Amino acid sequence: MRRLRACLGAAAAVTLAAAGTTALVASNASGATSALGNRWYAAAPYLMPLDNDPPDAAAIMDASGLKAFQLAFILAPNGGGCSPTWGGTAPVSGDTAVQNVISTIRAKGGDVSVSIGGYGGTKLGQACADAASTAAAYQQVITKYGLHAIDFDLEEPEYENTAAVRNEIGAAKILQQNNPGLYVSVTTAGTADGTGWFGKQMLLEAKSQGFTPNNFSIMPFDGGFNGAASQTGALTNFNAILRSTFGWDEATAYAHEGFSGMNGRSDTGEYFSQADFQTVLDYATSHNMDRFTFWSLNRDRQCSPADNGGRTSGTCSSVAQNSWDFAKYSVKFAGATPPSTTPTPTPTPTPTPTPNSCKTAWSSSSVYTAGNEVSYNKHNWKAKWWTQNEVPGASEWGPWQDEGAC
């Protein structure tokens, strides 16, 4: 989907050429300091930094409170090869233009995730020989920009290519293993039933490879959707798909589920207003979903009167709005405390003749992955998935499994 996100145009290539081509050679040339919380990476809206009249990221941050951006898109070179480029035309190795955008965001206390794929263009999963070489290409992007988060946007025509999807999922798994704490999202097309046949095949590929990202997100637009009710219906159906595919319960599936919307007028003429975003946001927070994002910040401003909202634009929303209205929903999600409909039960330790010894004490600053064990409040706890600064026992649907008194 997302036809307006396709390839970077010639103007972007000119911008890069004018910016210079000296590569940054340090292993972490970005100057990145510490990562934001996962909630921010989960809330980062998409931004094309080199095309579609890129807005000033610093101005968006000042006006909305936004801290995280999802930069799009990394593709294979248009002329062929297995090396990362912005939009197929601008090699990552020589980039300074996007680097400058990232530096500006980080200087204001924010950070970025980078999205690979998107609609159209040649993806690295199609161009590279196998998962290892695909991962090596993406690792160049992670290293160059010092990334803490990455998004795999698997759409047409790549997700119809079994070998390419195998390479992408395999690469995602390798990157997750080689970059501890990396936030990984996988985004794919949405349908009224949740996701279509190719989306389901992608999930099965992930299952077969033993790969679990932070979330699988669907894009419920460009598929006959009509407002928020149709979108929340698709999210409910997608939850059922995740449960049946991975054997998760409902809460675990929601904890690995994400929403990626389109603000204003979609490619197929659907309309999604600020009220629709609020409805989906309420659904996402009430179900403890992991991600809420949208396409795109380039479009998060009102069109000129000449447009009259009658066309879909890559640079405005075609609905009545103030600039960055939709970004404010991402800010709300990042700061949201999911409502709890039932009180958290007080754990009752099971007496044992010899109490278990306590594991290393939980630390709010440490990153934990699935299977890590800690002690907190005289109990041992095991991490169910990646987590940081989430107190063991704070929520019955949280990332920690109580293993009893110690």
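Please read all numbers here as calculations on a predicted model, not as lab measurements.

(A) Quick peek at the packing of aromatic side chains. Applying the stated criterion to the full structure yields 20 aromatic pairs. Pairing Trp197 with Phe198 gives two aromatic rings, centres 5.2 Å apart and planes at 85°, and the pair type is edge-to-face. Overall, the relative accessible area of 28% leaves Phe198 in the partly exposed class. Here the aromatic rings of Phe216 and Phe246 are separated by 5.5 Å at their centres, their planes lie at 20°, and the arrangement is stacked. With Phe216 in strand S8 (residues 215-219) and Phe246 in helix H9 (residues 228-246), this residue pair connects regions lying 30 residues apart in the sequence. Among the residues examined, Phe216 registers a relative accessible area of 1% and is labelled buried. The structure contains a cluster of three or more aromatic residues connected by ring pairs, namely Phe259, Phe277, Phe292, Phe294, Phe326, Tyr329 and Phe333.

(B) Representation of the confidence of the model for the protein chain in the model. Across the protein chain, the average pLDDT comes to 87, with 85% of residues at or above 70. This model gives residues 5-30 a pLDDT under 50, and the stretch forms 54 contacts once residues within four places in sequence are excluded. Every residue in residues 339-354 is under pLDDT 50, and counting partners more than four places away or in other chains gives 13 contacts.

(C) Looking closely at the sheet that holds strand S15 (residues 379-383). Taking strand neighbours across the sheet as the criterion, the three strands line up as S14-S15-S17 in an open arrangement whose pairing is antiparallel. Both edges of this open sheet fall to strand S14 (373-376) and strand S17 (400-405), since each of them pairs with a single strand only. Averaged over all pairs of adjacent strands, the angle between their axes in this sheet comes to 30°, without regard to strand direction. Bridge count between S15 and S17: four bridges; the pairing is antiparallel. When the bridges of S17 are listed, Ala383 appears paired with Trp400.

What counts as what
- Residues numbered from 1 in each chain as written.
- Predicted model: local features only at pLDDT ≥ 70, side-chain atom pairs only at ≥ 80, totals over all residues.
- Heavy atoms only, no water.
- Phe/Tyr/Trp six-rings, centres within 6.5 Å; stacked < 30°, edge-to-face > 60°.
- Buried < 20%, exposed > 50% of the residue type's maximum accessible area, 1.4 Å probe, protein only.
- Helix = DSSP H or I, 4+ residues; strand = E, 2+ residues; numbered from the N terminus.
- pLDDT = per-residue confidence, 0-100.
- Contact = heavy atoms within 4.5 Å.
- Pairing = 2+ DSSP bridges.
- Axes fitted to C-alpha atoms, helices over the stretch in contact; angles between N-to-C directions.

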